[in-house]
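Structural characterization, general
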Amino acid sequence: SADQAFVTLATTDNYAKGAMVLGQSLRNHNTTKKLVALIGPHVAEPCRDVLGTIFDEVRVVDVLDSGDAAHLSLMKRPDLGVTFTKLHCWTLTHYSKCVFMDADTMVLSNIDELFEREELSAAPDPGWPDCFNSGVFVFTPSNETHEKLITFCSENGSFDGGDQGVLNSYFNTWATKDISKHLPFIYNLSSISIYSYLPAFKQYGHDAKVVHFLGKVKPWSYSYDNQRGEVRGHSLPPDQCQLHPDYLLLWWQLYAKSVQPLLQHAYGDSAFTSGFVEGSEEIRDVQGELHQDVREHPAPPPPPKLSSNERKQRWEAGQIDYMGDDSFANIERKLDSFLK
Ligand code: UPG
């Protein structure tokens, strides 16, 4: 299968870290397919070097100097920059079939069987299951399809502002025509759906083959205490923290073991943010600000306890006690008790 490849995309150094973990996870599960990373022109040189050790091919895609239809269309639709870059995967015509995977995905087992599927195969999106999620999809590289997609995109735009909207409008029979193009959800398990249907996750979650850290907060938004093997930065409001702690830990373990040493080596003495917690006195939160460890700033005395019913009423009225009763740690504890 030298002419089949897994393809991902990273336009920034952070997404590149995600791509490294994804690539390494595919290697660890002994894929026989080629690995291709498409990168933007702003990805730093050391990151490219590391990608080069994990991936078979690292290809810089710059829609701005490609001088073709994509370039012209981008002039009209500058908002669709990353989308156009992702559509570039169709130009990988030296492969007969590919599986695209977002840089915020990670495989938990070998998924080479996906290459038995045809274009365009994908799993349902958790938010609107008649749409497919474009974080994992099977496609056939073709310059003709690429041109058509670009034209379609510049003429019709994207209903969600990203590639997922464009691809769903273009491959608009996905929901109804051919059930073999519906990948099982375990090939693109987004962290969001875990909490929205917990019994299903308990029933089927152990079969998951790909996890997708969909949404604003990514694994690399957190930091990691490599000594203790703990992810830091959990003190987020629950509506912003929907990544399952086990998968999050798995991502960081892979990063710490196989990716961070490569980055350390590639950067040598020059500046490099490992994502690791520096010492035990500081916690780097997701906004990237440094906070002193809470131990040095004792919390104010807790407000009087509310009854469970009063708490519920406040929650429903939008008065959510993010730092107290409704903190993520408490919600997580509750969820963990269900999962036991
Ligand atoms: N990406 C970059 N640089 C960026 C932003 C995105 O390289 O600045 C790549 C990367 O591979 C990333 C992917 O594009 O994983 C998707 O972007 P992401 O930020 O992960 O979007 P999400 O909101 O998590 O994902 C949903 C879909 C995804 C789709 C995206 C936009 O799951 O497949 O691409 O929305 O429609």
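Attention in this report is confined to the structure presented alongside it.

1. Some words on helix H3 (residues 69-76)
Those residues of H3 not exposed but buried are Ala70, Ser73 and Leu74. Angularly, the buried residues of H3 cover 105 degrees about the axis, an arc narrow enough to put them on a single face. The exposed set on the far side of H3, more than 90 degrees from its buried face, consists of Leu72, Met75 and Lys76. Residues of H3 that are buried make contact with helix H4 (81-87) and helix H5 (143-156).

2. Observations regarding the packing of H5 against helix H6 (residues 163-170)
Packed helix pairs are specified by the crossing angle of their axes together with the interaxial distance, meaning the distance between the axes. Relative to each other, H5 and H6 sit at 110 degrees, their axes nearing to 10 Å. Relative to H6, the element H5 lies roughly perpendicular. Across from Thr145, Lys148, Leu149, Phe152 and Cys153 in H5, the residues of H6 making contact are Val166, Leu167, Ser169 and Tyr170. Within the contact of H5 with H6, the residues separate by chemical class into six nonpolar, two polar and one charged.

3. Quick word on the sheet that holds strand E8 (residues 189-190)
The strand order E5-E9-E8 describes an open sheet built from three strands, whose pairing is mixed. Bordering the open sheet on either side are strand E5 (105-107) and E8, each of which pairs with just one other strand. Relative to strand E9 (residues 210-212), E5 runs antiparallel, the two sharing three bridges. Bridging from a neighbouring strand, Val107 pairs with Val210 of E9.

4. Considerations on the sheet that holds strand E4 (residues 97-101)
The mixed open sheet is built from six strands, whose spatial order is E3-E2-E1-E4-E7-E6. A single partner strand is all that each edge strand has here, and the edge strands are strand E3 (57-60) and strand E6 (121-124). Taken pair by pair, the neighbouring strands of this sheet meet at an average axis angle of 25 degrees, ignoring direction. Strand direction decides the pairing type here: strand E2 (residues 34-39) and E3, joined by four bridges, are parallel. The residue bridging Ile39 from the neighbouring strand is Val60, located in E3.

5. Considerations on the nonpolar core
Core analysis: the biggest nonpolar cluster contains 56 residues, and Met20, Met101, Ile111 and Trp252 have the highest contact counts within it. If one sorts the elements of this core by residue count, helix H9 (residues 245-267) sits on top with ten residues. Mapped onto the domain boundaries, this core takes at least three residues apiece from domain 1 (4-203) and domain 2 (222-339). If we skip the residues at most four places from it in the chain, Trp252 touches Pro219, Trp220, Tyr222, Ser223, Tyr224, Val231, Ser274, Gly275 and Phe276. Ranked by size, the runner-up nonpolar core spans 30 residues in total, among them Val61, Trp90, Phe100 and Phe132.

6. Topic: the environment of Val58
Among the structural elements, Val58 can be located in strand E3. For the pair Val58 and Ala37, spaced 21 residues apart in sequence, the C-alpha to C-alpha distance is 4.8 Å. Setting aside anything within four residues of it in sequence, one finds Val58 in contact with Ala37, Ile39, Arg48, Leu51 and Gly52.

7. Things to note about the pattern of salt bridges
Summed over the entire model, instances satisfying the criterion amount to ten salt bridges. For Asp102, the salt bridge identified is with Lys86, shortest N-O distance 2.8 Å. Placement of the pair is Asp102 in the loop between E4 and E5 and Lys86 in helix H4, with a sequence separation of 16 residues. Since its relative accessible area comes to 17%, Asp102 is described here as buried. The residue Glu118 makes a salt bridge to Lys97 at a minimum N-O spacing of 3.6 Å.

8. Remarks on the site of the ligand
Around the ligand lies a shell of 20 residues, among which Leu9, Thr11, Tyr15, Asp163 and Lys218 are the nearest. Asn133 places a side-chain nitrogen or oxygen 3.0 Å from an oxygen atom of the ligand. Asp163 has a polar side-chain atom sitting 2.5 Å from an oxygen atom of the ligand. Looking at which element gives the most residues to the shell around the ligand, the answer is strand E7 (residues 132-139), with three residues. When the residues that make up the shell around the ligand are grouped by side-chain class, the tally is six nonpolar, eight polar and six charged.

9. Looking at the packing of aromatic side chains
Following the criterion strictly, the structure yields 20 aromatic pairs and no others. Here the aromatic rings of Tyr15 and Trp220 are separated by 5.2 Å at their centres, their planes lie at 70 degrees, and the arrangement is edge-to-face. Pair noted here: Tyr15 is in helix H1 (residues 13-28) and Trp220 is in the loop between E9 and strand E10 (223-225), with a separation of 205 residues, a long-range link. Since its relative accessible area comes to 35%, Tyr15 is described here as partly exposed.

10. Some thoughts on the environment of Pro46
Tracing the backbone shows Pro46 in helix H2 (residues 45-54). Once residues within four sequence positions are removed from consideration, Pro46 is found in contact with Ala266 and Tyr267.

Conventions adopted
- Per chain, residues are indexed from 1 in the order of the written sequence.
- Under the rules for a predicted model, residues below a pLDDT of 70 receive no local features and side-chain atom pairs below 80 are neither given nor counted, while totals for whole chains, interfaces and linings still include all residues.
- Calculation of side-chain values draws on the structure's entire complement of heavy atoms; hydrogens and water are dropped beforehand.
- Between buried and exposed lies partly exposed: a residue is buried under 20% and exposed over 50% of the maximum accessible area for its type, with that area taken using a 1.4 Å probe on protein chains only.
- Where helices and strands are cited, they refer to DSSP runs of H or I of at least four residues and of E of at least two residues respectively, numbered from the N terminus.
- Here the arc refers to the directions that run from the helix axis out to each C-beta atom.
- Every residue pair with non-hydrogen atoms within 4.5 Å of one another is taken to be in contact.
- Here an angle of 0 to 180 degrees is reported between the N-to-C directions of two axes, which are lines fitted to C-alpha atoms, with helices fitted over the stretch in contact.
- By the definition adopted for this analysis, an angle is roughly parallel if under 35 degrees, roughly antiparallel if over 145, roughly perpendicular if from 65 to 115, and oblique otherwise.
- As a working rule, the residues Ala, Val, Leu, Ile, Met, Phe, Trp, Tyr, Cys and Pro are called nonpolar, Asp, Glu, Lys and Arg charged, and the rest polar, with Gly in that last group.
- Paired strands, as defined in this entry, are two strands with at least two bridges between them according to DSSP.
- To qualify as a nonpolar core, a set must consist of buried Ala, Val, Leu, Ile, Met, Phe, Trp, Tyr and Cys residues joined through side-chain atoms within 4.5 Å.
- Per the annotation, domain bounds derive from an automatic or database assignment of domains.
- Within this document, salt bridges are pairs made up of a side-chain nitrogen of Lys or Arg and a carboxyl oxygen of Asp or Glu, the two lying within 4 Å of each other.
- A molecule or strand has a residue near it when one of that residue's heavy atoms lies within 4 Å.
- Here a polar contact is taken to be a pair of N or O atoms separated by no more than 3.5 Å, where protein atoms must pair a possible hydrogen donor with a possible acceptor and residues adjacent in sequence count only if both atoms sit in side chains.
- Each Phe, Tyr or Trp ring (for Trp, its six-membered ring) is paired with any other whose centre lies within 6.5 Å, and the angle between the two planes then decides the class: stacked below 30 degrees, edge-to-face above 60, tilted in between.

Function cannot be read off these values alone, since they describe shape.
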